[in-house]
Amino acid sequence: MFPVALFYFMYRHIPDKGHMNKRTPLYAQHQAMGAKLVDFAGWAMPLHYGSQIREHDRVRSDAGMFDVSHMAVVDIQGEGSKEYLSLLLANNVGRLKTEGRAMYSCMLNAQGGVIDDLIVYRMDDRYRMVINAGTRDKDLKWMRATAGQASEVEIVERDDLAIIAVQGPHARTKVYAALGEGLKQKTEGLQPFEATTIGELFVGRTGYTGEDGFEIILPAKAAEFSWKMLAEAGVGPVGLGARDTLRLEAGMNLYGADMDESTSPLISGLAWTIGWAPDTRRFVGRDALEQEKIAGPGQQLVGLVLQGKGVLRNHQRVICHDNDAGEITSGSFSPSLGCAIALARVTMDVKIDSLCQVDVRGKHLDVRVVKPPFVRNGKSLL
Amino acid sequence: MSHANNDLRYTRSHEWVIQISDGTVEVGITEHAQDLLGDMVYVDLPEVGDSLTVGKECAVVESVKAASDIFAPISGEVSEINEVLSETPEILNQDAQGEGWLFRMVPNDAAELESLLDADAYQALIASDAG
């Protein structure tokens, strides 16, 4: 294999014989559109369709679409759903007052470590979760074990569904052009983090890029047709490579890189996702988080901006005032900013706006410490 | 103007080498390598005068997704580096086996070139390790 020091940590190039990988309903479309397919958590997924940077820029300036059907849709049904999710999730589903509201949450272990991060939607007769592909099996095992304590809960894996995310300043307009007036009427009034059901489609104004847009959950059998209609409306396909640089610029965490079971939300920039009130909601991990909060978290997640040439990468060490202060959890080149950026977990004494260094192959390069995000709605926040 | 595959010698680590008219050799990464790495954003080259040892790391190329070490294909002294790559690393994607050359060097022993792979052997290599 190529002598790559840091090949994308979860990706593996797929050999021609690699059809053991699972395929989404859009696999044939990816091939037809010239995707470079890689293994991602056991799925054959598009890394890019020619140029990762062009795809990134397209989402920032126009509209791009992502096949995220590898992520798992799990419906929580039954009388006990709300009580169950109140125990399972660190954010408070009680805040989803009406049908169609969505929230981001972590699912924690008893030590307060993050088992996964997810989006949960309130639907008419159920809650719907979208969880990561790489954590799917352990999540479901954990969810079923936790449900053992609550009654009247049904956990349903929806492998009959696909997910297409359409993101960018022109995303919603182009979705209307592709999928019709009926959809427009039903979704025009959606605010960020709201969703609605239109026939067999479930459309949420959510995303993972820092741009406006929709995430569309739809029957697997309708995915190919919808993808083609979106392409005809001028929405370009975007691979996992650009998905990663877009989310990093938007200051959004990647599970397995920026947090995992050994790190709590408090040291992962996710304190805002913990639903502390009411005190009586004793969700899994709460005791550990309360103790950590009283003791004072020892670390924080910050943003870094490289001041010169080079690229920041995962696991590089951060040095502040000649002391080792922590490490980069996600680093990359930022196509929107034209320089390298990173998320890093560092000690609490590191101040926003201060100058630190990162050890890049033995050279200490200057970085500015910033508060993420780096880019929102196409504009630099630096 | 890109070099033809048959005129180049190759390493197993995906560098190419060609002897140019003044007796120096030019070094770059292969078309296959640039295709695997994707959009290039940074190139860290050796300095003119650096003494390189065959098989040792001597440069780094970085795409958006990965950093990759470049290994000296033969031993010798760096005589020139491709300065334009510093501002426009994307040339590596456009013309890896031509305008995207990395550096030139004066070989200690030009016979070392003979030990490198020829085009057929290199093609066989990339066909066999497609994984």
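Bear in mind that the values here come from a model prediction, so they are computed numbers and not experimental data.

Enquirer: Break down the packing of aromatic side chains for me, citing the residues and quoting the values.
Expert: All names here are of chain A. Tallied over the full model, the rule gives four aromatic pairs over all chains. Seen from their ring centres, Y121 and F202 are 5.0 Å apart, and the 85 degrees between their planes marks the pair as edge-to-face. Taken as a pair, Y121 in strand β7 (residues 114–122) and F202 in strand β12 (residues 201–204) lie far apart in primary sequence, 81 residues in all. Exposure remark for Y121: the relative accessible area of 2% places this residue in the buried category. Against the face of F202 rests R128, its NZ or CZ located 5.3 Å from the ring centre. Its end group placed over the ring of F66, R243 keeps NZ or CZ at 5.9 Å from the ring centre.

Enquirer: Hey, could you go over the state of the cysteines for me, with residue numbers and the actual values?
Expert: All names here are of chain A. Here the structure, examined in full by the defined rule, presents one disulfide over all chains. Residue C320 pairs covalently with C356 via a disulfide, S to S 2.1 Å. Between C320 and C356, the disulfide has an S-S torsion of 110 degrees and is therefore right-handed. Taken together, the residues C320 in strand β16 (residues 317–320) and C356 in strand β19 (residues 355–360) connect sequence positions 36 residues apart.

Enquirer: Any chance you could break down the pattern of salt bridges for me, citing the residues and the numbers?
Expert: Residues and elements named next belong to chain A. For the structure shown, the criterion picks out 33 salt bridges over all chains. For R247, the salt bridge goes to D244, with nearest N and O atoms at 3.0 Å. In this pair, R247 and D244 both sit in helix α8 (residues 240–249), three residues apart, roughly one turn of the helix. With respect to class, R247 is no different from D244; both count as buried. Shared partners join several salt bridges into a network, and the residues in it are D75, D125, R126, R128, R158 and D160.

Enquirer: Any details on the packing of helix α2 (residues 52–61) of chain A against α8 of chain A? Residues and values, ideally.
Expert: Residues and elements named next belong to chain A. At their nearest, the axes of α2 and α8 sit 8 Å apart, and the two run at 50 degrees to each other. Judged by the inter-axis angle, α2 sits oblique to α8. Of the two elements, α2 crosses α8, and the hand of that crossing is right-handed. From α2, Q52, E55, H56, V59 and R60 reach across to α8, where they touch G241, A242, T245, L246 and E249.

Enquirer: Now, about the nonpolar core: what can you tell me, with residues and values included?
Expert: Residues and elements named next belong to chain A. One finds F66, L108, Y121, V130, I163 and I217 to be the most contacted residues of the largest nonpolar core, which totals 31 residues. Listing elements by their share of this core, those giving two or more residues are β6 (102–108), β7, β10 (161–167) and α8. Counting residues per element, this core draws most heavily on β6, which supplies four residues. Leaving out residues up to four positions away in the same chain, L108 has contacts with L88, A90, G113, V114, I115, W142, P265, F283, V284, G285 and L289.

Reading the values: the criteria
- Residues numbered from 1 in each chain as written.
- Chains lettered and ligands numbered in written order.
- Predicted model: local features only at pLDDT ≥ 70, side-chain atom pairs only at ≥ 80, totals over all residues.
- Heavy atoms only, no water.
- Phe/Tyr/Trp six-rings, centres within 6.5 Å; stacked < 30°, edge-to-face > 60°.
- Helix = DSSP H or I, 4+ residues; strand = E, 2+ residues; numbered from the N terminus.
- Buried < 20%, exposed > 50% of the residue type's maximum accessible area, 1.4 Å probe, protein only.
- Lys NZ or Arg CZ within 6 Å of the ring centre and 35° of its normal.
- Disulfide = S-S within 2.5 Å.
- Salt bridge = Lys/Arg side-chain N within 4 Å of Asp/Glu carboxyl O.
- Axes fitted to C-alpha atoms, helices over the stretch in contact; angles between N-to-C directions.
- Parallel < 35°, antiparallel > 145°, perpendicular 65-115°, else oblique.
- Left-handed = near helix turned anticlockwise from the far one by under 90°.
- Contact = heavy atoms within 4.5 Å.
- Core = buried A, V, L, I, M, F, W, Y, C linked by side-chain atoms within 4.5 Å.

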